[in-house]
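Chains, contacts and geometry: an overview
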Amino acid sequence: MSFEAPCDDCVRRSRLVARLAPHIQRAREQGRRLPLLLGLSDAELIAALGGRQAGALAAAHAALDPGAARAGVAAAGLAALCRCDPRYPAPLAVSPDAPAVLHMAGEPERLPALLAEPAAAVVGARRASAYGLEVATALGRGLSSAGVTVISGMALGIDSAAHTGALEAGGNTIAVLASGADTPYPASKSRLYAQIREAGAVISELPPRFPAWRWAFPARNRIIAGLAPLTVVVEAGERSGSLITAGIAEDLGREIGAVPGRVTSALAAGPNELLGAGAHVVRGAEDVLDLLLGAGVRPAPARPPVPAHLGSALTAVGDGRDSADALVGAGFALADALGALSELELLGRIRRAPGGRFVVSAE
Amino acid sequence: MLARVATFALDGLEARRVWCEVDIRPGLPAFGIVGLGDKAVREARERVRAAIQNQGYEFPMRRITANLAPAYLRKVGPSFDLPLALGVLAASGQVPGEALDAWAVFGELSLGGELRGSRGTLLVAEGVRAAGLRGLVLARERGGEAALVGGVEVAGAETLREAAEVLAGTTEPSPPPPRDHAVAEALGAPDLAEVRGQAGAIRALTVAAAGGHNLLLSGPPGTGKTMLARRLPSVLPPLTDAEALEVTRIHSLAGLRTGGGLVSRRPFRAPHHAISAAGLVGGGALPSPGEISLAHRGVLFLDELAEFPRPSLEALRQPLEDGFLTVVRAQRALRFPAAVTLVAATNPCPCGYAGSERCRCTEADHARYRRKLSGPLLDRLDLCVTVERPHPDALAAPPVTSSAAVRAEVAAARERGAARCGEDMPVQADARDLLADAYRGSRISARGHARVLRVAWTLADLAGRDRVEAAHVREALLYRDWISDPVAVAV
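To start, this report covers the structure provided alongside it.

Calculation notes
- Residues numbered from 1 in each chain as written.
- Chains lettered and ligands numbered in written order.
- Predicted model: local features only at pLDDT ≥ 70, side-chain atom pairs only at ≥ 80, totals over all residues.
- Heavy atoms only, no water.
- Helix = DSSP H or I, 4+ residues; strand = E, 2+ residues; numbered from the N terminus.
- Buried < 20%, exposed > 50% of the residue type's maximum accessible area, 1.4 Å probe, protein only.
- Contact = heavy atoms within 4.5 Å.
- Lys, Arg positive; Asp, Glu negative; His and termini not counted.
- Charge placed at Lys NZ, Arg CZ, Asp CG, Glu CD.
- Pairing = 2+ DSSP bridges.
- 1 Å grid on protein atoms, 1.4 Å probe; cavity = no way out; pocket = protein on both sides within 12 Å on 5 of 7 lines; lining within 4 Å.
- Points joined across faces, edges and corners; volume = space filled by probe spheres on them.
- Nonpolar A, V, L, I, M, F, W, Y, C, P; charged D, E, K, R; others polar.
- Expected span 1.5 Å × (residues − 1).
- Axes fitted to C-alpha atoms, helices over the stretch in contact; angles between N-to-C directions.
- Buried area = accessible area lost by both parts, 1.4 Å probe.
- Salt bridge = Lys/Arg side-chain N within 4 Å of Asp/Glu carboxyl O.
- Polar contact = N/O pair within 3.5 Å; in protein donor to acceptor, adjacent residues only side chain to side chain.
- Phe/Tyr/Trp six-rings, centres within 6.5 Å; stacked < 30°, edge-to-face > 60°.
- Lys NZ or Arg CZ within 6 Å of the ring centre and 35° of its normal.
- Arc of directions from axis to C-beta.
- Right-handed = clockwise from strand over helix to strand, strands pointing away.

Our focus in this paragraph is the overall build of chain B. In terms of regular secondary structure, chain B is built from 18 helices and 18 strands. Scored against the burial criterion, the 491 residues of chain B give a buried share of 54%. Within chain B, counting contacts between residues at least 6 apart in sequence, those at least 24 apart form 74% of the total. If the 59 positive side-chain charges of chain B are averaged to one point and the 55 negative ones to another, these points end up 4 Å apart.

Now the structure itself:
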């Protein structure tokens, strides 16, 4: 089964949003709300943003050749799926500001296949802590291996960690970009991009080779939230984009999950606030699976118990005594501390984080 | 009339005999010096003329030609002033020429005729002994240093006139000052007893000292990396006499010695990261020892390793491997000893707070920094250790240990290591399995494998065991290079 070409109206709409990119940028700087703008019809949008150029924009909009635009998408090696297509993701279609066209990199059949499975969005801070990265990777791995599709934005930090985890376990993952779907953003994640494109799917509402505008990130977040019935926030500061994603998900009536952090950590402010407002506690992939599939559907995989003599050291590392010296401070003899750290690392229960400290591995 | 005075020129770490020949003949008054001297040698004309006159001698108003032979050897520095002046005096009959046959002379002159010490006195005294001369006339302040070489008569003099009188036999050479055995130097040396907390890092220092391993200290700014590194010399065994002589020779050449006596403390050198490659390993037209040679038998400390330019670090590789380095110049190759324990310190990331809330670096910053560190030197660093801010409790607690206690541990382990005579230590079966597992699980690279094993030997030596046990391998694995090792770093 091959994809039908996106319809003329949807292609026009898609190109209109792209053409208006600088106008949207300006409007947002003036404090206008993105969801309201993207929910407008073509003519309203031109009228609202065009100003003195409205006439010229309307003319260009009418003159656009959808055939040429479609050919451009195909030439970039992308597939396109429009809102009128029955296979357009149903959860996304319900929102009034859903993108007209989704451009897909990778095997085009894979997006509907991935979205036919239960899905969860995993998002969080770019500058994440070792703890956050560890949890996000483990979530991605645990969800993907359970057949759940992991949706995220391929940003630095938590997003990439979630994708990386999912790729380690089957590759059930979708990256939603704020640039064109053929243009890895950030560029430093080109390798991750290639892996996701190979094993999962990369999508974007923007045309090929389109750069990432500032407004495109919150716009991208609405797609992430719209695609998934559950959005999990791993780490986020108080004014993080991840909280925007969670807010959109809430507006759409979707479930929100948050990974608790230490109350003293600035990165835990976002998730802890969500938890206070009633979000689900996510301690690991099991909690997410419980939310998506119902509690007790699958047996929890038992982890081999830690050898008795290492138990107290593992607990101490989990409490933030994350180096040999810190353990000595907690009353361990140096030789015991060194021995315990080394054994725990070899057992895979703790890991080296950037900076050389240890972090309890979440699995 | 012709006179000939023996002196010495420094050529790397060797002193070569130079004949200072002075010929005086009728002609227009002139004073020329030939024999491949540098600017300081050319300027000696003015100092020698003034010194001779100010000491009450007569400067001959005739044509004077001085030659420093052999002519192919480059002569550098002001130490040829005294031989030139004595040559002029002998050639003009003011000093008996035959008196100069048995002595070498060496030193700089002031315009008033006072003698000043010059670099490399120890090397020159050794040269005097090798040449079979009776003794050396030099500035009195350097007498102690020259007297370290036995079998050479050392005549210290304050002035040109005193030097001339010693040679003529009219004044007895004054004995060199008593050997001050640099006790004062050992006092006030930094000690581990001043350190609070840091048990993990001190353990790493112990291992580094016991096995001669190079060490990388990584940690946020202000946690005590430099403070710990400064204390490494204090846990190394004291210098043997032979080692002390080697060190003194280099320091003498570099002009670092002001007092007499042997260097008694292991050197600690901490060059700034703006240093050039030549400054680090030695160089110059007349090659002089670099920081790594000045740290010979001691500790070379590179703070902010990531800031050092790559060529400088690249230049360190060969001497770190061989324990000496060769500086090649057009005429010849010179060898400088460079057996050091290298300690490097680095922040874990550009801002220094990687892994903690305070870190302001992006993932890309981390990756870039890691690439920078993973450069030429990291594979020479056997031990990678994190240094953390000590816990407030640890600041109030008594020190973990003292330098004397660690020194005893280190000495015992070194003895056991030396008794192995370079043979491999047997590895117990469970330890071997552990290492194989770590390798198979790609926790360590092939290069890391060899390093872990080497460190495990030292740990076994420290524990007083004659075979490597599992616990030793486990601890050694903790010290592996997790910076350039991507499998060890989460995401």
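From this point, the discussion proceeds with the structure in view.
With parallel pairing, five strands are arranged side by side in an open sheet as β11-β14-β17-β10-β18 (chain B). For this open sheet the edge positions go to β11 (268–269) and β18 (383–386) of chain B, each flanked by a neighbour on one side alone.

Let's shift gears to empty space enclosed by the protein. Empty pockets left among the atoms are what a rolling probe the size of a water molecule brings to light. Here the structure, examined in full by the defined rule, presents seven cavities of 30 Å³ or more. In terms of lining residues, the largest cavity is bounded by 19 residues, among which A324, L338 and R352 of chain A together with V385 and T386 of chain B are the most central. If you list the elements that add at least two residues to the lining of the largest cavity, you get α17 (324–329) and α18 (334–346) of chain A together with α7 (199–211) and β18 of chain B. Broken down by element, the residue count for the lining of the largest cavity peaks at three residues, all from β18 of chain B. Split into classes, the residues belonging to the lining of the largest cavity amount to 10 nonpolar, four polar and five charged. Of the voids in this model, the second largest cavity is the one considered here, and its volume is about 120 Å³. For the second largest cavity, the lining is made up of 11 residues, of which G355 of chain A together with P348, R370, W482 and I483 of chain B are closest to its centre. In the lining of the second largest cavity, the residues fall into seven nonpolar, three polar and one charged.

Our focus in this paragraph is the environment of L314 of chain A. Relative to the elements of secondary structure, L314 of chain A occurs in helix α16 (residues 311–318). Aside from chain neighbours lying at most four places away, what touches L314 of chain A is V306, L344, R349, I350 and V360 of chain A.

On to helix α12 (residues 216–227) of chain A, then. Because an α-helix packs 3.6 residues into every turn, residues spaced three or four apart end up facing the same way. Residues and elements named next belong to chain A. Compared with an ideal rise of 1.5 Å per residue, which puts 12 residues at 16 Å, α12 spans 17 Å between its outermost C-alpha atoms and is within 8% of the ideal. The element α12 is largely enclosed, with a buried count of 12 among its 12 residues. Buried within α12 we find A216, F217, P218, A219, R220, N221, R222, I223, I224, A225, G226 and L227.

All names here are of chain A. Spatial strand order, β1-β2-β6-β5-β4-β3-β7-β8-β9: nine strands in an open sheet with mixed pairing. Whereas interior strands pair on both sides, the edge strands pair on one side only; in this sheet they are β1 (79–82) and β9 (280–281). Bridge count for strand β7 (residues 230–233) against strand β8 (residues 255–258) is four bridges, and the pairing is parallel. Across the sheet, residue V233 finds its bridge partner in β8, namely A258. Contacting β3 (119–123), β7 and β8, helix α13 (residues 241–251) crosses the sheet at an angle of about 155° to β7.

Time to look at the interface of chain A and chain B. Between chain A and chain B, the residue contacts involve 31 residues of the former and 34 residues of the latter. Taken over both partners, the interface formed by chain A and chain B buries close to 2900 Å², and the fraction arising from carbon and sulfur atoms is 56%. Considering only the side of chain A, the residues that lose the most area to chain B are R127, L346 and R352 of chain A, jointly responsible for 23% of the buried surface there. Where chain A meets chain B, there are three salt bridges. Taking the shortest distance from any N to any O, the salt bridge between E343 of chain A and R474 of chain B comes out at 3.7 Å. Across the chain A-chain B interface, the total number found is six residue pairs in polar contact (both at pLDDT 80 or more). Put simply, the parts of the chain that give the side of chain A that touches chain B at least two residues each are α9 (130–145), α17, α18 and β10 (350–352) of chain A. Tallying contributions element by element places α18 of chain A first for the side of chain A that touches chain B, with eight residues. Residue composition of the side of chain A that touches chain B, grouped by class: 12 nonpolar, nine polar and 10 charged.

The subject of this paragraph is the packing of aromatic side chains. Residue and element names in this part refer to chain B. Counted according to the given criterion, the structure contains three aromatic pairs over all chains. Measuring from centroid to centroid gives 5.7 Å for F31 and F59, while their planes differ by 55°, and the two rings are tilted. With a gap of 28 residues between them, F31 in strand β3 (residues 30–34) and F59 in the loop between α1 (39–54) and β4 (63–69) connect regions that are remote in the sequence. Each of the two residues, F31 as well as F59, counts as buried. Above the face of the W19 ring, R4 is positioned so that its terminal group lies 3.7 Å from the ring centre. The ring of F324 has R335 sitting right over it, with the charged end atom 3.7 Å from the ring centre.

So, about α16 of chain A. Residues and elements named next belong to chain A. Buried residues of α16: A313, L314, A316 and V317, and no others. Along α16, the residues classed as buried sweep out an arc of 160° about the axis, all on the same side. Buried residues along α16 sit in contact with α17, α18, β10 and β11 (358–360). Downstream of α16 by one or two residues, G320 has phi in the positive range, about 105°.

Residues and elements named next belong to chain B. Looking at chain direction, strand β1 (residues 2–11) and strand β2 (residues 14–25) are connected through 10 bridges and run antiparallel. Bridging across to β2, F8 finds its partner in R17. Count of turn residues in the β1/β2 antiparallel hairpin: two residues, of which G12 carries a positive phi of about 65°. Relative to β4, β2 runs antiparallel, the two sharing seven bridges. If you follow E21 over to β4, its bridge partner there is N67.

Further remarks concern unusual backbone geometry. Between Y185 of chain A and P186 of chain A the backbone carries a cis peptide bond, its omega angle lying at 0°. Relative to the assigned elements, P186 of chain A resides in the loop between β5 (173–176) and α11 (190–199). Following A69 of chain B, the chain continues to P70 of chain B via a peptide bond in cis, the omega torsion being 5°. If you check the backbone angles, R209 of chain A has positive phi at about 60° while not being a glycine. Structurally, R209 of chain A is set in the loop between β6 (201–204) and α12. When its relative accessible area of 61% is taken as the criterion, R209 of chain A is described as exposed.

Further remarks concern the pairing of β5 of chain A. Residue and element names in this part refer to chain A. Side chains of β5 alternate between two faces, with T173 and A175 and I174 and V176 buried alike. Pairing between strand β4 (residues 149–152) and β5: three bridges, direction parallel. Each residue of the ladder has a partner; that of I151, found in β5, is I174. In terms of handedness, the path from β4 via helix α10 (residues 158–168) over to β5 forms a crossover that is right-handed. The β-α-β motif built from β5, the intervening α11 and the parallel element β6 has right-handed crossover chirality.

Residue and element names in this part refer to chain A. With respect to the helices, strands and loops of the structure, D159 is situated in helix α10. Salt bridges are absent for the buried D159, whose nearest opposite-charge side chain, R220, sits at 4.7 Å. Engagement of the side chain of D159 in a polar contact is seen with the side chain of S152, the distance being 3.2 Å. Among all residues touching D159, those that are not within four sequence positions of it are V122, V123, G124, S152, G153 and M154.

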